[in-house]
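Results of the structural survey
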Amino acid sequence: MTEIPSLEHVSLLTLGAGELQVLLAPEVGGSIAAFSRAWQEGRRRRVLHWLRPASATGLADRNPLDMGSFPLVPFCNRIRDGRASFEGREIRVPPNHPGEDAPHPLHGLGWLLPWKVESAGEREAVLTLEVEASAAWPWRFAARQRFVLQERVLEVSLEVRNADDAAMPLGLGHHPYFPHYPGTRVTSPVEAMWVADAEVMPLRLERGGPVEALRQGVELAQLDLDNNFSGWQRSTRIEWPADVRGPARALTMEAEAPLDYFVLYCPRGEDAFCAEPVSQCTDWLNLLPRFGAGPLGGARLAPGASLTARFTLRPEWG
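Only a predicted model underlies this, so the values are computations on that prediction, with no experimental measurement involved. (Residues numbered from 1 in each chain as written. Predicted model: local features only at pLDDT ≥ 70, side-chain atom pairs only at ≥ 80, totals over all residues. Heavy atoms only, no water.)

1. Here's the deal with the pairing of strand E20 (residues 235-240)
Of the two faces of E20, the one holding Thr236, Ile238 and Trp240 is buried and the one holding Ser235, Arg237 and Glu239 is not buried anywhere. In this structure, E20 lies alongside strand E21 (residues 249-255), joined through 6 bridges in antiparallel fashion. Bridge assignment links glutamate 239 to a residue of E21, and that residue is alanine 250. (Buried < 20%, exposed > 50% of the residue type's maximum accessible area, 1.4 Å probe, protein only. Helix = DSSP H or I, 4+ residues; strand = E, 2+ residues; numbered from the N terminus. Pairing = 2+ DSSP bridges.)

Below you can see the structure in the form of structure tokens.
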């Protein structure tokens, strides 16, 4: 597969352990640009990507939507019309999805800001971000990502500290894009799915259908989804059959609380899909009065308090 090009105007950090390599793009929303395995096969050097690799155009344009994964902070998914309230403060997030006129901003704030490099070594790097209060998010907060690569696993942690003088709502997560090749299978035990309207805003919870298919394991080509799931068991397994890119292989994504929710974005016919570990479902602040916290998630972070979310990507190959 294609390797990530070297671009002079974009700074990339490289982590390596055994056959695994991670490229980080701090300036592009603190994103993971690539997560790959490289090995020698005779005289030929082979490269296999576990995440969809960033494109040259995406790096040049500093577009997180073209990266391998990016952080979701201080909220995940969409907020209806960018408007919500929390303990007396009004949230007014402007539309923030490049190239779309959709009225519902998504993915938080951190993905569209450059992150600073606090430290970087051969196998570990730490990126930081400080955000001042604004109309979009009327709380000051600090975020910290830590990436640790070992020979068979990548660990990612995302920590947020409330630097404001009032409690703030918080959602955390990451937005990985995985390759979708013919025969790709996904197993991800969940309890219920949020059925959404045409604008991908949640309407109601349902069981059965995709929920049961994901619990048992399903070929991804059978699904066409952009949905949130509650009751995620914090584990998703992806399996790819042997093909011209390499032997049969798999990857398991595992998470810790508060990443108790899951998003699957798998439009039919696309060459990549998203399987996202998140701590809250779409529009949770506006839906709380109706549905309660159980199926929605989200946290209340007191002044000076911190919350950390961790997940791992564990590839398997023969």
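Now, onward.
2. Considerations on the side chain of arginine 52
In this fold, arginine 52 is placed in the loop between strand E4 (44-49) and helix H1 (56-61). Buried charged residue arginine 52 carries no salt bridge. Nearest counter-charge: aspartate 66, at 4.8 Å. Within polar-contact distance, the side chain of arginine 52 engages the backbone oxygen of leucine 65 at 2.8 Å. One polar contact links the side chain of arginine 52 to the main-chain carbonyl oxygen of methionine 67, over a distance of 2.6 Å. With residues up to four places along the chain from it excluded, the contact list for arginine 52 reads Ala33, Leu65, Asp66, Met67, Gly68, Tyr177, Phe178, Pro179 and Ala272. (Lys, Arg positive; Asp, Glu negative; His and termini not counted. Salt bridge = Lys/Arg side-chain N within 4 Å of Asp/Glu carboxyl O. Polar contact = N/O pair within 3.5 Å; in protein donor to acceptor, adjacent residues only side chain to side chain. Contact = heavy atoms within 4.5 Å.)

3. What about the sheet that holds E4?
The antiparallel open sheet is built from 4 strands, whose spatial order is E1-E2-E3-E4. In the strand order of this sheet, the two ends are held by strand E1 (13-17) and E4, each with one partner. The mean inter-strand angle of the sheet, taken between neighbouring strand axes irrespective of direction, is 25°. Sheet topology note: the strand E2 (residues 20-25)/strand E3 (residues 31-41) ladder contains 6 bridges and is antiparallel. Following the sheet pairing, leucine 24 is matched in E3 by isoleucine 32. (Axes fitted to C-alpha atoms, helices over the stretch in contact; angles between N-to-C directions.)

4. A look at the nonpolar core
Core analysis: the largest hydrophobic core is formed by 84 residues, its most contacted members being Phe35, Val160, Phe178, Phe229, Leu264, Phe273 and Leu313. The leading source of residues in this core is strand E22 (residues 261-266), at 5 residues. Of all hydrophobic cores here, the second largest spans 9 residues; its members include Val10, Val28, Ala54 and Met67. (Core = buried A, V, L, I, M, F, W, Y, C linked by side-chain atoms within 4.5 Å.)

5. Thoughts on the packing of aromatic side chains
Per the stated rule, a full pass over the model turns up 10 aromatic pairs. Here the aromatic rings of phenylalanine 86 and tryptophan 139 are separated by 6.1 Å at their centres, their planes lie at 75°, and the arrangement is edge-to-face. Separated by 53 residues along the polypeptide, phenylalanine 86 in strand E6 (residues 83-86) and tryptophan 139 in the loop between strand E9 (124-131) and strand E10 (141-150) bring together distant segments of the chain. Centroid distance tryptophan 232 to phenylalanine 262: 5.4 Å. Interplanar angle 20°. Geometry classified as stacked. With tryptophan 232 in the loop between strand E19 (225-230) and E20 and phenylalanine 262 in strand E22, this residue pair connects regions lying 30 residues apart in the sequence. (Phe/Tyr/Trp six-rings, centres within 6.5 Å; stacked < 30°, edge-to-face > 60°.)

6. Re the pattern of salt bridges
Per the counting criterion, the structure on display carries 21 salt bridges. Among the ionic pairs, arginine 46 bridges to glutamate 41, the shortest N-O distance being 2.8 Å. Relative accessible area serves as the criterion here: at 42%, glutamate 41 is assigned to the partly exposed category. Between arginine 123 and glutamate 151 there is a salt bridge; the shortest N-O distance is 3.8 Å.

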